[in-house]
Amino acid sequence: MASTPLDVLRAVFGFESFRPLQGDVVEHVVGGGDALVLMPTGGGKSLCYQVPALCRPGTAVVVSPLIALMEDQVAALRQYGVRAAALHSGLPWGEAGAVERQMRSGDLDLVYVAPERLLTDAFLGHLKHCDLALFAIDEAHCVSQWGHDFRPEYRRLTALHERFPRVPRIALTATADGPTRRDIVEHLELGDGRVFVAGFDRPNIRYRVLHKGGRGADLAGFIEAEHVGQAGIVYCATRAKATDMADRLAARGVAALPYHAGMAATERARNQDRFIRDDGVVMVATIAFGMGIDKPDVRFVAHLDLPASLEAYYQETGRAGRDGLAADAWMTYGIADVAKRHAHIEASEAPDLQKRVERQKLEALLGYCETTRCRRQVLLEYFGETLAQPCGNCDTCLEPPQSFDGTEVAQKALSCVYRTGQMFGAAHLIDVLLGGDTERVRRFRHDRLSTYGIGTELSREEWRSVFRQLVAMGLLVVDMAGHGGLRLGPDCRDVLRGERPVSLRRDPVAPKAARKAKAGARATLDDPEDEALFQVLRARRLELARAQGVPPYVIFHDSTLVAMAKERPRHRHELARLPGVGQAKLERYGDDFLAVLAAAGDP
Ligand code: ADP
Ligand code: ZN
């Protein structure tokens, strides 16, 4: 029984080595220590407790806040041949008793339990009769009131420590800001445990921000060009928009489904189920969707509206590419979004301090959107990390935006705002600057202003970009009434007086150098033959998954299929060397996939 962690990693999970921090955590917990693990989504938290669970004698008890999450993990573990079960309120009658009996007789390696259930006297009493390997507390940020997922039951988890002082505890989360971290240590009484913090970078995610109405800002076009047949999540601000966009994508042949709080619970559950079980579903959702979705092969996350904050953006985009393969974070935004957000903040009843915090968060978000620097550097800096070099995998790195001395155009724009009375939106202001002859221009006699027609050096599109940037810099403020009227910001005087230069980015106007990717190909393989084989392997995986009623990725991850398509193993021992092929999976599926590979190899 006494296998080393590395044996377990290789034989059961089919992975060659631990990731840097994983190995340390595993060693610490196997040795009986308590730990707090902070790792980004996709960083590999599960193995941090699953491997120790298999190395230590007894059953590991995993606290998890969501039934869907538990079911998912249990299904995946069983595919690896691990003896796992879940205990929650959705269980058929009689099954819970069976699981508890198996725990007592030592026939389970891991049991996932909802906190409410774990903390009942009956269950704690039952645990006294079990041999316990460890307690793992997943999504540990649920203990914190600061977070968005506060679960009061999590506070009572200290009972575990009090009743079972000798059983090691490991708490895990992807939310690592300071207050949340302190809350976890305090409320779980983890003061003597070790804290493990992984870097938060997600190098396989390519960040891209586009302007609404600008070139390339068409979601359907993006999917058709880069993600045909692949799973993705599209976030919209409103239910109506989610439904509408799902319909529009469906009309273009994308397998898109809506998800929002206004739908019947059964319909939501059905759509979520299809997203998880089918291979290439695009979920068009409000932010109600995503928490607890562990699907590893989400190839893109798109934001059609501004996310709530950079924190929210990072968390939502983090749902892309958990498997480590290339993935996209794609966002469009426009000045109207900014106006809405401003209006929302100003109209809220929140205390001034909170409003100030919200304004700062919005500012940081806009700064990210309009940056000319590497986006990953900006993001990581916001979370207190530094990335020494530009990443080479974001839009600003791949296509560096030109900047130009925008002092003069900024002055023109600002004085146009001033002379028209600080009440008009960008569209009308641009009409005035370009000398347009519109009904509004005539009605307000704006053709008589000194700023009328002084801006013909830029196109309408370029002016839109200038106004957006001035708003992002705080030189213009969107009016609280919410119809997008612009006012001068507090710092604009220096610019108008010519005492402060303004550098602006020139949004690319010429057609972009086309990406070399073929339709939908970027996430997978360059060689068309490998790609074709990958698709055949995927189809076989889907059949096997359907037959068992499990999500395809619990059979093999895309990364394993990619390795098969590239390496084309002919024999079991060759297959066994690929990442993600452990003993149990080799037994179960080896021959199936070898048959597909053999058929592909024969001319
Ligand atoms: P998290 O829970 O931190 O979001 P997961 O535990 O789901 O992340 O792991 C993310 C992905 O990384 C999974 O596909 C998992 O199989 C893979 N993975 C984790 N550890 C390793 C490893 N040591 N070698 C290879 N792949 C790994
Ligand atoms: Zn970059």
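My aim in this report is to walk through the structure given alongside it, one point at a time. Model, not experiment: these values are computed from the prediction.

1. A closer look at the pairing of strand β2 (residues 59-63)
Counting buried residues in β2 gives five out of five residues, a clear majority hidden from the surface. Sheet topology note: the β2/strand β5 (residues 132-137) ladder contains five bridges and is parallel. Looking at β5, one finds that Thr-59 is bridged to Leu-132. For β2 and strand β4 (residues 110-113), the ladder comprises four bridges, and the chain directions are parallel.

2. Some remarks on helix α11 (residues 219-226)
Of the residues making up α11, those classed as buried are Leu-219, Ala-220, Phe-222, Ile-223 and Glu-226. In an axial view of α11, the angular spread of the buried residues amounts to 160°, which keeps them on one side of the axis. For α11, the secondary structure elements touched by its buried residues are β8 (205-211), β9 (231-235), α12 (239-251), β12 (298-303) and β13 (327-333). The N-cap of α11, judged by a side-chain oxygen 3.4 Å from the amide nitrogen of Ala-220 a few residues on, is Asp-218.

3. What about the state of the cysteines?
Taken as a whole and judged by the stated rule, the model has zero disulfides. Unpaired in terms of disulfides, Cys-492 finds its nearest cysteine sulfur in Cys-416, a separation of 13 Å.

4. Some words on the site of ligand 1
Near ligand 1 you find 15 residues, and of these Gln-22, Gly-42, Lys-45, Ser-46 and His-557 are the closest. Separating an oxygen atom of ligand 1 from a side-chain N or O atom of Arg-19 is a distance of 3.1 Å. Here an oxygen atom of ligand 1 sits 2.7 Å away from a polar atom, N or O, in the side chain of Ser-46. Compared with its free state, where it exposes 570 Å², ligand 1 has 84% of that area covered by protein. Of the residues forming the shell around ligand 1, the biggest block, three residues, is contributed by helix α3 (residues 45-55).

5. Observations regarding the side chain of His-428
Locating His-428 in the fold gives a position in helix α20 (residues 426-434). Since its relative accessible area comes to 3%, His-428 is described here as buried. Within the local environment of His-428, its side chain forms a polar contact with the side chain of His-446, the two groups lying 2.7 Å apart. Setting aside anything within four residues of it in sequence, one finds His-428 in contact with Arg-440, Val-441 and His-446.

6. Thoughts on the coordination of the zinc ion (ligand 2)
At the metal site, the zinc ion (ligand 2) is ligated by Cys-374 (SG), Cys-391 (SG), Cys-394 (SG) and Cys-397 (SG), and these contacts range over 2.3 to 2.4 Å. Seen from the zinc ion (ligand 2), its four donor atoms lie at angles of 102 to 118°, and the figure they make is tetrahedral. Residue Cys-394 is classed as buried on the basis of its relative accessible area, which comes to 0%.

7. A closer look at the nonpolar core
With 96 residues, the main nonpolar core has Phe-275 and Phe-467 as its most contacted residues. When near neighbours in sequence (up to four residues on either side) are disregarded, Phe-467 contacts Ile-335, Ala-413, Val-417, Ala-426, Leu-429, Ile-430, Leu-433, Leu-476 and Leu-486. Ranked by size, the runner-up nonpolar core spans 38 residues in total, among them Phe-18, Val-62, Val-74 and Leu-172.

8. Observations regarding the packing of helix α16 (residues 352-370) against helix α17 (residues 375-382)
Relative orientation and spacing of two packed helices are given, respectively, by the angle between their axes and the distance between those axes. Two elements in contact, α16 and α17, have axes whose closest approach is 9 Å; the angle formed by their N-to-C orientations is 160°. Overall, the two elements α16 and α17 adopt an arrangement that is roughly antiparallel. In contact with Lys-361, Ala-364, Tyr-368 and Cys-369 of α16, α17 contributes Arg-375, Val-378, Leu-379 and Tyr-382. Split by residue class, the contact of α16 with α17 holds six nonpolar, no polar and two charged.

9. Let's talk about α12
Here α12 contains 13 residues, and its C-alpha end-to-end distance of 19 Å stays within 8% of the 18 Å for a straight helix at 1.5 Å per residue. Among the residues of α12, those classed as buried are Ala-242, Met-245, Ala-246 and Leu-249. Along the long axis of α12, the arc covered by the buried residues comes to 105°, so they all point the same way. Of the exposed residues in α12, the ones pointing more than 90 degrees away from its buried face are Ala-240, Asp-247, Arg-248 and Ala-251. Structurally, α12 contributes buried residues whose contacts are with α11, β10 (256-259) and β11 (282-285). Residue Gly-253 follows α12 closely and has a positive phi angle near 90°.

10. Details of the packing of helix α24 (residues 528-548) against helix α27 (residues 583-601)
Remark: α24 packs on α27, axes separated minimally by 10 Å, with the N-to-C direction vectors making an angle of 150°. Classified by the angle their axes make, α24 and α27 are roughly antiparallel. Once α24 is placed against α27, the crossing between them reads as right-handed. Residues Leu-533, Val-536, Leu-537, Arg-540, Arg-541, Leu-544 and Gln-548 of α24 touch α27, and the partners they reach there are Arg-588, Tyr-589, Asp-592, Phe-593, Val-596, Leu-597 and Ala-600. Of the residues assigned to the contact of α24 with α27, the class counts are nine nonpolar, one polar and four charged.

11. Digging into unusual backbone geometry
Even without a glycine there, the phi angle at Glu-139 is positive, about 50°. In this fold, Glu-139 is placed in the loop between β5 and α8 (152-155). The backbone phi angle of Arg-568 is positive, close to 50°, even though this residue is not glycine. Considering the arrangement of structural elements, one finds Arg-568 in the loop between α25 (558-567) and α26 (572-576).

Rules of the game
- Residues numbered from 1 in each chain as written.
- Chains lettered and ligands numbered in written order.
- Predicted model: local features only at pLDDT ≥ 70, side-chain atom pairs only at ≥ 80, totals over all residues.
- Heavy atoms only, no water.
- Buried < 20%, exposed > 50% of the residue type's maximum accessible area, 1.4 Å probe, protein only.
- Helix = DSSP H or I, 4+ residues; strand = E, 2+ residues; numbered from the N terminus.
- Pairing = 2+ DSSP bridges.
- Arc of directions from axis to C-beta.
- Contact = heavy atoms within 4.5 Å.
- Polar contact = N/O pair within 3.5 Å; in protein donor to acceptor, adjacent residues only side chain to side chain.
- Disulfide = S-S within 2.5 Å.
- Near = heavy atom within 4 Å.
- Areas by Shrake-Rupley, 256 points an atom, 1.4 Å probe, with all protein chains shown as cover.
- Donors = N, O, S within 2.8 Å, 3.2 Å for Na, K, Ca; no water.
- Tetrahedral: all angles 85-135°; square planar, octahedral: opposite > 155°, others 65-115°.
- Core = buried A, V, L, I, M, F, W, Y, C linked by side-chain atoms within 4.5 Å.
- Axes fitted to C-alpha atoms, helices over the stretch in contact; angles between N-to-C directions.
- Parallel < 35°, antiparallel > 145°, perpendicular 65-115°, else oblique.
- Nonpolar A, V, L, I, M, F, W, Y, C, P; charged D, E, K, R; others polar.
- Expected span 1.5 Å × (residues − 1).
- Left-handed = near helix turned anticlockwise from the far one by under 90°.

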